[in-house]
Every structure is written in C-alpha cells, then in structure tokens.
There are 4 protein chains.
Amino acid sequence: MAKKINKIAVLTSGGDAPGMNAAIRAVVRSCSYYNLECVGVYRGYQGLIEGDFEDLTARSVRNIINKGGTFLKSSRSEEFKTEEGRAKAHEKLTDAGVDALVVIGGDGTFTGGLYFNREFDFPIVGIPATIDNDINGTDYTLGYDTALNTVVEAIDKIRDTASSHNRLFLIEVMGRDAGDIALNSGIGAGAEEILLPEEDQGIQRMMDSLEKSKKSGKTSSIIVVAEGEKSGKNIFQLAEFISQSHKEYDIRVSVLGHIQRGGSPSCFDRVLASKLGVGAVEALTDGKTNIMVGVHHQKVVHVPLETALKEDREFDQELRRVANITSV
Amino acid sequence: MAKKINKIAVLTSGGDAPGMNAAIRAVVRSCSYYNLECVGVYRGYQGLIEGDFEDLTARSVRNIINKGGTFLKSSRSEEFKTEEGRAKAHEKLTDAGVDALVVIGGDGTFTGGLYFNREFDFPIVGIPATIDNDINGTDYTLGYDTALNTVVEAIDKIRDTASSHNRLFLIEVMGRDAGDIALNSGIGAGAEEILLPEEDQGIQRMMDSLEKSKKSGKTSSIIVVAEGEKSGKNIFQLAEFISQSHKEYDIRVSVLGHIQRGGSPSCFDRVLASKLGVGAVEALTDGKTNIMVGVHHQKVVHVPLETALKEDREFDQELRRVANITSV
Amino acid sequence: MAKKINKIAVLTSGGDAPGMNAAIRAVVRSCSYYNLECVGVYRGYQGLIEGDFEDLTARSVRNIINKGGTFLKSSRSEEFKTEEGRAKAHEKLTDAGVDALVVIGGDGTFTGGLYFNREFDFPIVGIPATIDNDINGTDYTLGYDTALNTVVEAIDKIRDTASSHNRLFLIEVMGRDAGDIALNSGIGAGAEEILLPEEDQGIQRMMDSLEKSKKSGKTSSIIVVAEGEKSGKNIFQLAEFISQSHKEYDIRVSVLGHIQRGGSPSCFDRVLASKLGVGAVEALTDGKTNIMVGVHHQKVVHVPLETALKEDREFDQELRRVANITSV
Amino acid sequence: MAKKINKIAVLTSGGDAPGMNAAIRAVVRSCSYYNLECVGVYRGYQGLIEGDFEDLTARSVRNIINKGGTFLKSSRSEEFKTEEGRAKAHEKLTDAGVDALVVIGGDGTFTGGLYFNREFDFPIVGIPATIDNDINGTDYTLGYDTALNTVVEAIDKIRDTASSHNRLFLIEVMGRDAGDIALNSGIGAGAEEILLPEEDQGIQRMMDSLEKSKKSGKTSSIIVVAEGEKSGKNIFQLAEFISQSHKEYDIRVSVLGHIQRGGSPSCFDRVLASKLGVGAVEALTDGKTNIMVGVHHQKVVHVPLETALKEDREFDQELRRVANITSV
C-alpha cells in the first residue's frame, strides 16, 4: 500500500514557460488546502541535489499567478543524469522528510523523474510545461497558449511594415520537432505559407504559394517558418533562395527568438495551471505515481510518464487544411 | 435533394465579439477556395431586409483577422422579428441570387435564423460568436477566450492598487446567465471569491471567504462578481453590505463594462474562427442546413440550431472546486 | 551648513501610480552608488509613525522596474496629519539614524512632507507620482504616461463595439481637477468630444458636436468625460440628457475606473522614474531640502514644495484647439 | 507673396513608423477644418511620380488613429533621386491642382523634399516620423515612444527567462546612428549595460560591468546593444567574445528586429501626430515652406529642413549617467 503523503516538494526544470508560477501556486495552495506541508526546490534537479529548499505556505505564492518565468528558477542539471547525482537528491529529499515530488517541465524533466522513480520508488507526478506543446497525452502544455498570443502579436506588428512596404517577410518561430506553434500562429496571423517540421514538401509548396499569391494580387506576404522545418536551409538561406527566383520581392527575415518563452500567462494558461496543480497534488494523495497530469477534453487526466514521452504525436492534418484554405 | 450552392451570404448579428472578422474572412476565403461567390451583408438582419449587400472576394478581407468588432457591422433588428421583415429579407436574398446564409452571432442570431429557415426552407448555418460562451453544443464560442484575457489583464492592473493599499475590490464582469467568464477569469486573476449566476449561496460564502482571508493573513482581496449573480443585490449594494460587517476593509467597486467585448482576438479565437468559417461553408456545400458549426474536442461538429439554443448547459463543478482550492 | 547625509529613507504615499517601484529602485540604487545607506518605509506616513522600516540594498530592488503599484505599499494616514503623529515619525527616523527622506506621491504627500520639514527641519525631497499629472512645476508626473496608454487601449476596445453597432459611448476617465488625462486620451483615442474640469461650456459644446457629427456622416461616437467635469451632471445623467434630444442614438456609458492606476509602467515612466530617483538622492546629498525634483524640458529641476502645491497650473489651450480640429 | 493654398497633398516615405496614420489623419482633418482639399499620395515619392493619388475627406481617415504602419503605404524611390523623376512628380501635382505637399518620414524623405522645393519652388512641410528619433530640431519623432514601449515589453519577456535560468542575454535593438532607443529602453528595461553608437569604449566597459555584476551578486544580466554600436563586432561575435573570458555565463543572443517598427501607436505618439499634422497644415496656409514641424518643450516649432538634416545631434550625457547609476 502506498505510504501516506504528508510533505510534497515541487520544482521547475528545463526551459521556462509562462504558467509555471501559476502551477507552483496551485500545488502549494492545494497542499495547504489538504493540510500537507510543501517545499519549494530552487533551480530544478540541480537544486534537488544541493538541497536548495524552502518551505512554502499559501501566502508564499501570492501575486505570482500572473508572472512569467518561474520564481523557483530552473536549470539543466548534468549531475542529475548520473546515478550519484540522483542518489544525492534522494538523500536530500529523505532528510527533509519529503514524501513525494511534483516536477513541472517538458520531456527532459519527465525523463529525469522516470529514472528517479525507478531507482528509489519515490512518488512523482509531472505537470507538462513547455511552449512547444510537444508532450504526448495532453491536449495542451502550459505556456503554449501564451506563446501563440506572443507570436501573433509580434507578427501583427511586422505585418504593419509588410503592408506599408509591399514586402515579403520570413518569420522564424519556435518548434524543433513540433509545428504546433508555427501552424496555429501562422493561421492566427494570416500567414500566406507555413513551413513545419512534420512535413517534407515545404520549399516546393512555398514557391507555389508565392506564385499563387502574386497572381491573386497580394502585395505583401508573411511566411511562418518553424525552427525545425525540414528544407535543410536555415531561414536566411531560404530568403536567399527565394530572392533568386523572385527578384520582385523585397525580402526580410525576422527570428522571433526568446520573447516567445516569456510574458504574463494568458487566462487559458493560468486556469490550466490551476487545474493541473490541483490535479497533481490530488493524484499523489490518491497514491498515484509515475504519471503526468494532463488535460484531455478539458478534464484532468492521468498519463503514464512513459506515454507522455512517446514521440508519435499525431499531426493535425485538419488544421493544415484550414491553413491552406484561409490563405487563398 | 439539396440545391447546389453557388453563392453564400454572410452576416454578423447581435453583440459584437472578437473573432467575428476572422470568421467572416474564413467564410469569404473558403468561398473563394471552392469557387463560390460570396456576399457580405451589412448590419445583420436589418441589412438583410434592406439589401445592404456587397460582393466580397478573398482580397476584400485582407488584414482583418486581427481586428476586433465586425467590419460588416451588427445590429438588433426588430423588423426581422416580424414575418413581413423576414419575407423582405428573403426577397432580397433571392433577388441577389444567394443560395445560402452564414449567420455569426449568439442565441438571438440563431433564433432568427431558425425562423427564417422554417419559413423559406433557406439553407442556414450558424457560427457561435459571443463572449459569454453561453451556447450549447460547442466547447467554445468566438470571443470568449479573448474576453478572458481582457478581464484578467484588467484585474491584474487593479490588483496593483489592491496590493499597494491593502484594499478589497469587487469587480463586475460580463455574464448574465453564464458564469464562464467570472469563473475562469476569477481563477486566472487569483480572485479570493467568485459570485456566479449558476449558484445561490453566493453572499454567505463570500462572507465566509472574507473571514477566512482575514485569518489567513491576506491583506488585499479581489472578488469577481458576474453580472447575473443571484444575491439580489447589485455590486454597489454588495459593497455596502460588506462594509457594514467589515469596517476594517477599504472597499472599492469596479465595473469592467464594455472593454470586455472589444480588442484584437487572441490566437485561440483566430484559429477557432478560421476552423468554423471553413466548416460553415463546407457544411453548406455538403447540403447541411439549420445547424451551428461548433467545436468539440478541437474538432468541428455540426449541432442542430435547436440544440444550440437549449438552456441546460452544464456548469463546470470541477472548475468551481479548483477555484475553491487555489484561493485558500 | 547642511549635515552630511549618510542614510536616506524612502516611502510612497497616497494613490499608487505606475512607476513608483521604478522610482524606489532608482533611489535605492543611487544610495548604493554613492555609498549611502537606504531604508524603505512601508505603508507611507503611517509606516513612518510605526517604524515599519526595512534596509534596502541594490539587490532588494531587482526585477521591480516593470511592476505596477508599489512594493513598499501606500496608505493615507490620519495620524500623520496630527503633530503627535509627526513627532512619533520623527522619533522613529532619528532612532533609525535616518538623515533624510524621499517621499513619492502627489499633493497630499507633499503637504505632509512640508509640515514635517517645517517642524523638524528634516531634509525632505519629493518625487511627483500621480496619474493625474496635476502637480505644478513638472512637465510630467510618474504614472501619467502609462495611464494615458491604458485609457487609449481601453477606448480602442470600446470603439470596436461602437463602430460595429453605430453607437454613442460616454466614457469616464480619471481627473477630478485636471483634464490632462481626458484631453490627451481623448485626442489619442479619436474622441468626438471631450468634457474637462477646466472648462464650463461642456454640455452645450457637446450637443453642438453631436449635431455636427450627425451632419458629417459619423455613424459612431466616443465622448470622453473627465471625472471632475463641470456640467453638474454625472455621466449617467449626461447620457440620459442626450438621449432626450437625440433619440437616434443608442447610448452606452463606461466608467473606466481603477484599471487606470495600475499596470506595468511605460518606458517613458520608467526612464522618468530613474531620472527623478537619481535626482532626489543627488539633491539631498547636495544639501537641498523642501523641494520636489521634477522634469522640465527633459531635464531634472528643483521646485520648492510650496510651488509644486500651487493650484494655478496652466491649461493647454493649444492642445484643446488640436482636439477641436482633429475631431471634425 | 506666397500663393494661397487650396489643395494639399500628403505622403509617407521611407521606413514606416507608428503614428504615421495618426499624422495623415490630422493633416486630412485639418484640411477639412480649414476648407482645403486634401489628396493622399500612395507609396511615397514613387506614387507621386506615378500620380497614384486619392482624394481624402475627414471620413476617409476614420478609425486609423490607432493603427500601425501607413495606409498610404511607403516606398523608397530611386526614380525620385533623379531630376527627371522629380519633374514627373511636379507635373502630376500640378495636373492635380495641388498647391503644397506634406511629407511624413525621416532624413531621406526630407532630403527628397528639399531637392523638390529647390527645383520647383513648391511649398513643402515635413513631419518627422522615424522610430530612431534621429532628426535634429525636434524633441521627439513619431514612432519613437511606441518603439521604446515595444522594446521594453520584449525585454521584460526575455528577462523572465533570464531570471529563471541565471543567464546573460545580449539584445540588439534598432539604432544605426542614434542610441536613443538603446539608451532609453536599456534604462527602462533595467539593463546591466548598454552599448551605443555614440560611444567608443563599449566593450571594455561591458567587460567591467560584467565583473561588477558578478561581484554584486547579480545572477542574470541583460545587455542592450544598439545596431550601430562601435565595437567592430556583431552581436554574435560579442557573445562569443564574452564567453571566452566568462565561462560561468550561459549566454544567449536576441535580435529584436522588425517588431520594433510596428504596432498600435502609444498615446504620446498619437497626440504628437495630431499636433504635428495640424501644425503642418497651418504652416502651409501661413505661407511657410521648406520647414519641418517639430516639437520642442511640448510646443510645435518650425525648423528649416536643412537644420533638421544636420547630423550633430547632442548625445544625452546626463541620461547615460542615470543609466550608470541605476544599473549598480
């Protein structure tokens, strides 16, 4: 039988994402609600190894629901990838009387949690937080909705210039393996074409689109390019490639970069974070472990961490079709 | 057999909502994609009666996806509530060679469409657009996600003052019958209490919350109140009521009002509008009528207009529970 | 000769304004730069009386430049209006070894400072911070520029609805004695008419404007009304008054309220706060007292507190003229 | 004696800037107010050569005051740099009965206007619009205040990540010759160091700052780099250079790029545009020519175009000092 949980530790790890603070807050408040103790771990798994802990009460997390980043800070820990590192971390948790751990992050975070659970049978629940939305088993990850809004607001600004000058802009957005940001922000920003990691025929279709755009009387164009798209060219090379056959275009490149990770979370992400934070604590007090709490059809679901890490997420072909139609 | 659709008219009606322009754009672009003609109707059903039409092409709707409001304008038409009015509208549509109609709006809009369809067997598809999210059969209505962000951003600003002065703020948000905005924005803004139209025990719970807040050391408080909450007091009377038993509070009232309807749509609403606009045209070319295109589990679904208008939407008890826990 | 300053206290008082945190930060960092000690006083003059102090270092104020409100909190202190109160405050300051005081706020704050200085010859410098811009001797007060942006963004949202529905909106903005917010935001938001505290003929001109608007083919209208305008009617009564003679209008009222005080400060306010914070500390170390540091022609100036409190600010007739011309 | 002005043309040229639409609106409305005709010229000087004109009335410019970019579009015209090009433009203006020209843009725009005026004695007034603020004789150019807000909001987002990860970020902002954006946004965003085109000792000071930051316990750092700073290294080379001697830093680069030019103008820019648009029309009807209308101490001033184009703008040493102090 699962040991009764009296004290829960929470950490954020990997790339930061808007909504992490809101999720920490919900974990801490849920502990308070259920009369459990709560410990914040600074700097992710590295802080776990070093015992960089602080007791958190309901009042410790006031006024953070609307802040980007993570007040517990994050890091990537090489040491936690070693057995020795994880053993130290386990010792620190045991010394502090911690019974269970909530880890907030993406696939690297969950992989670390999986190893840790296997080696020490330590109760772990993960909360998916990454702007890329590239976790299996949850409809949305924390930070993704906010990042979409950041991206479309940035492209709206660039479109002011594109329209004023009849220019072609290539805009790079985040997404190494998943095109969710590119596809959704591309539709949302009214992009003429979108290049995705999940598709191969990018360049040829882009050239066809440009031809079509010209014929249909479009005088400015936005092309959204996911970081991980598969043309084999970087975005500056793509621009060069287009300019060779389309001398009529005044082409500009914009790499949106790190602004996509920050900012105050959207209401959607704050509510999602609240649901998942509550869900994580309730899963642990329910004796669950080795799972991620995700959201499916707006309800909290429990997904084995192994499943969450699978790489066979389905690509939304229907949404790609919508993109093609609305960009005519 | 359904008549082949060659020409589609589109209108917006009732209260405006962010995403209406994006939906019009998607309808127009879909018509263009499928080689159908498209006609924009100005000022909703009133413009339908007056034949206030304009031919729209794919280029007519450029650079509107990010604009609030509706460029086709909206209105409430008393005349369309009469048989004579609807007969005139039908004549205008027939004269213009229109085969089908897409109506974008809320329950009043759909009711009008339902009557019109019954009387003239005229193909009609509705797109749900209202910030209140109070339409049955769709997970989300257009404008709702944007309104949530507008509300939490406004409350974030007010919280700056609440925290600086240790004040209690009562904030009224939209929602006559549905508490979706109040509940979600209340969680998202970290409100201490939320009063909803779907619940009765509002006042007592609020007073309990205030007691609890005081004991837990909270020095400022935000209470979110839906327009249609059931205490029988308006928000100024509520403030007065609290001040009688809680002299320690410096209480302020803020009615957010009309800013909640406007603004550039969120990415979520733009993508939703694009899906639904495409879905509406494809439903019509598929021979469907008398339905609303909604979204369920992120897929476009067809819902009979009668169903959409039903008033027995389920209240999200689970989310209410999350609100209670995260506000400890 | 003025005593050498070794330790400076800083407080915020009265209504909060965006940029207060940035000003505190600049005061603290300037102290650090000049090797002075710095003490933060919580809750304004009330905290001064209660000795609610905290030592502040350059690191205490990290990551606050972009936050609205004031982390030192503010209050209105009745006790400080009494001699006894001020005597207690002086004792606390002396006990803590504080040599000088920076007070950030508006006219109430400066009046308190003036009394305090007279009674105890205690060095005081004020920094003007109020969204109303109603301080004499400085071109701008902290928070004013941010409030203008908040107001025009709110009216932009409301205009979406006004345009979509051909409506007339009356929008109340802050400003009891000064029309700066109303006049500038009215021009910035493209209002058709603006009612100001500094003018008498408001109602008649408004009615003339509405006539003119109707003739010139305007289909929607925004009228910006300062809190303190002189018609003798509140904004709801104004709406009623218009509706009697203009039945063609669908009139709505929006009171923007407390959102105007909050929010992340604009770059302008952050830079202004930085200049004034540095200027305040340098004025004190220079032996100045009983002055406000303001900004005139983009340079920091020293203004006697008595002058700052004068009520004969000039009204910008030229800008009123611009408003009249651009609203034709 | 100057010929009476009956018809004024207006164009935007060069890089677009927020507030251009607001300035066009003010020009058009002022013409309407003074019963002059107004003609909009599309695509700047190129449209002038091609006679790409449209009559504009007060109603043509409704609902554009809050839009970024320029609805008249802009361009860079090689042909206008030739005498033949300018002769064609003059012919088109004469054919259309235009008596005077308002040109909205930066130094290239003014240089073109100067040539045109000299050759044809055609009345010309310039309105300074460029985000760089690099025009002599005006305190502010249109678009500059908006760009500052865009930049600090972007850096605020990046700081979320910097703080969460204890990272060093190098952020490139616009400004080839003028450091106004870098200096003001650097102060506003709380940057630890700022590299400017007007200074030489950039790299050494940056390295000193990093040493100092480390000692003072800063765990994350933002360095703002103007495009045109004088180290001889691009921003990626700067990052490489730092990483060689500071292995403890996890360094990232972000080039903000084109988002800085777009977006809805701030209230400040909208009011400035309104003043300058009115001022430009009134200058022309007053018989003035060959001048720029600028703003000095909040009043509209007339500056000879030659003076506006001078390159000896003073660098704000006082503000640089504020930056040094507030970044300790």
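Conventions we followed
Residues numbered from 1 in each chain as written. Chains lettered and ligands numbered in written order. Predicted model: local features only at pLDDT ≥ 70, side-chain atom pairs only at ≥ 80, totals over all residues. Heavy atoms only, no water. UniProt positions renumbered as here; feature names shortened; annotations may be inferred. Helix = DSSP H or I, 4+ residues; strand = E, 2+ residues; numbered from the N terminus. Contact = heavy atoms within 4.5 Å. Pairing = 2+ DSSP bridges. Axes fitted to C-alpha atoms, helices over the stretch in contact; angles between N-to-C directions. Least-squares fit on C-alpha atoms with pLDDT ≥ 70 in both. Buried area = accessible area lost by both parts, 1.4 Å probe. Salt bridge = Lys/Arg side-chain N within 4 Å of Asp/Glu carboxyl O. Polar contact = N/O pair within 3.5 Å; in protein donor to acceptor, adjacent residues only side chain to side chain. Nonpolar A, V, L, I, M, F, W, Y, C, P; charged D, E, K, R; others polar. Buried < 20%, exposed > 50% of the residue type's maximum accessible area, 1.4 Å probe, protein only. Right-handed = clockwise from strand over helix to strand, strands pointing away. Parallel < 35°, antiparallel > 145°, perpendicular 65-115°, else oblique. Left-handed = near helix turned anticlockwise from the far one by under 90°.

Our next topic: the UniProt feature "binding site: Mg(2+)" (unreviewed entry) in chain A. Residue and element names in this part refer to chain A. With numbering aligned to this structure, UniProt lists the feature "binding site: Mg(2+)" (unreviewed entry) at Asp107. On the secondary structure map, Asp107 appears in helix α4 (residues 107-120). Excluding anything up to four places from it in sequence, Asp107 contacts Ile135 and Leu309.

The next point concerns the sheet that holds strand β9 (residues 251-255) of chain C. All names here are of chain C. In space, the four strands of this open sheet follow the order β7-β8-β6-β9, with parallel pairing throughout. Edge positions in the open sheet fall to β7 (193-195) and β9, since each of these has one partner strand only. The mean angle between the axes of side-by-side strands here comes to 20°, regardless of whether they run parallel or antiparallel. Pairing geometry for strand β6 (residues 168-173) and β9, over five bridges, is parallel. Paired with Glu172 across the two strands is Val255, which belongs to β9. Together, β6, β7 and β8 (221-226) form the strand contacts of helix α6 (residues 180-188), whose direction differs from that of β7 by roughly 175°.

What follows covers the relation of the copies chain B and chain A. When chain B is fitted to chain A, the residual RMSD is 0.0 Å, and the transformation amounts to a turn of 180° plus an axial shift of 0.0 Å. Taken together, these values place the two copies in the relation of a two-fold axis. Among all residues of chain B, the one whose C-alpha sits closest to the rotation axis is His297 of chain B, at a distance of 2.7 Å. Of the interface residues in chain B, 100% have counterparts in chain A that sit at the interface too, so the contact is made through matching surfaces.

At the interface, 52 residues of chain B touch 52 residues of chain A. For the pair chain B and chain A, the summed buried area comes to about 4,200 Å², and 54% of that belongs to carbon and sulfur atoms. Across the contact surface, chain B and chain A share four salt bridges. The partner of Arg270 of chain B in a salt bridge is Asp156 of chain A, and the shortest N-O contact between them spans 2.7 Å. The tally of links between chain B and chain A comes to 21 residue pairs in polar contact (both at pLDDT 80 or more). Those elements that provide at least two residues to the side of chain B that touches chain A are α1 (20-33), α5 (144-165), α6 (180-188), α9 (267-285) and α11 (317-326) of chain B. For the side of chain B that touches chain A, the leading source of residues is α9 of chain B, giving eight residues. Residue classes in the side of chain B that touches chain A are distributed as 18 nonpolar, 21 polar and 13 charged.

Turning next to the UniProt feature "binding site: ADP" (unreviewed entry) in chain A. Per the UniProt entry, the sites bearing "binding site: ADP" (unreviewed entry) are Arg25, Ala26, Val27, Val28, Arg29, Arg159, Gly190, Ala191, Glu192, Lys218, Thr219 and Ser220 of chain A in this numbering. Separation in sequence by 196 residues is matched in space for these annotated residues, since their most distant C-alpha atoms are 52.9 Å apart. Mapped onto the secondary structure, Arg25 of chain A falls in helix α1 (residues 20-33). Here Arg25 of chain A is in contact with Val61, Ile64 and Ile65 of chain A together with Gly190 and Thr326 of chain B, once residues within four sequence places are set aside. A relative accessible area of 6% places Ala191 of chain A in the buried class. Sequence-distant contacts of Ala191 of chain A, that is, excluding residues within four places in its chain, are made with Arg159, Gly186, Ile222, Val224 and Ser327 of chain A.

Our next topic: the pairing of strand β8 (residues 221-226) of chain B. All names here are of chain B. Most of β8 sits inside the fold, with six of its six residues counted as buried. Because side chains alternate across β8, one face comprises the buried residues Ser221, Ile223 and Val225, and the other comprises Ile222, Val224 and Ala226, equally buried. Here strand β6 (residues 168-173) runs beside β8; their pairing, made up of six bridges, is parallel. Looking at β8, one finds that Ile171 is bridged to Val224. As for the winding sense of the linkage, the β-α-β connection from strand β7 (residues 193-195) through helix α7 (residues 202-215) to β8 is right-handed.

Residues and elements named next belong to chain B. Between α5 and α6, whose axes approach to 9 Å, the crossing angle comes to 45°. When the axis of α5 is compared with that of α6, the two are oblique. Our pair here, α5 against α6, has a crossing hand that is right-handed. Facing Tyr144, Ala147, Leu148, Val151 and Val152 of α5, the residues of α6 in contact are Asp180, Ile181, Asn184, Ser185 and Gly188.

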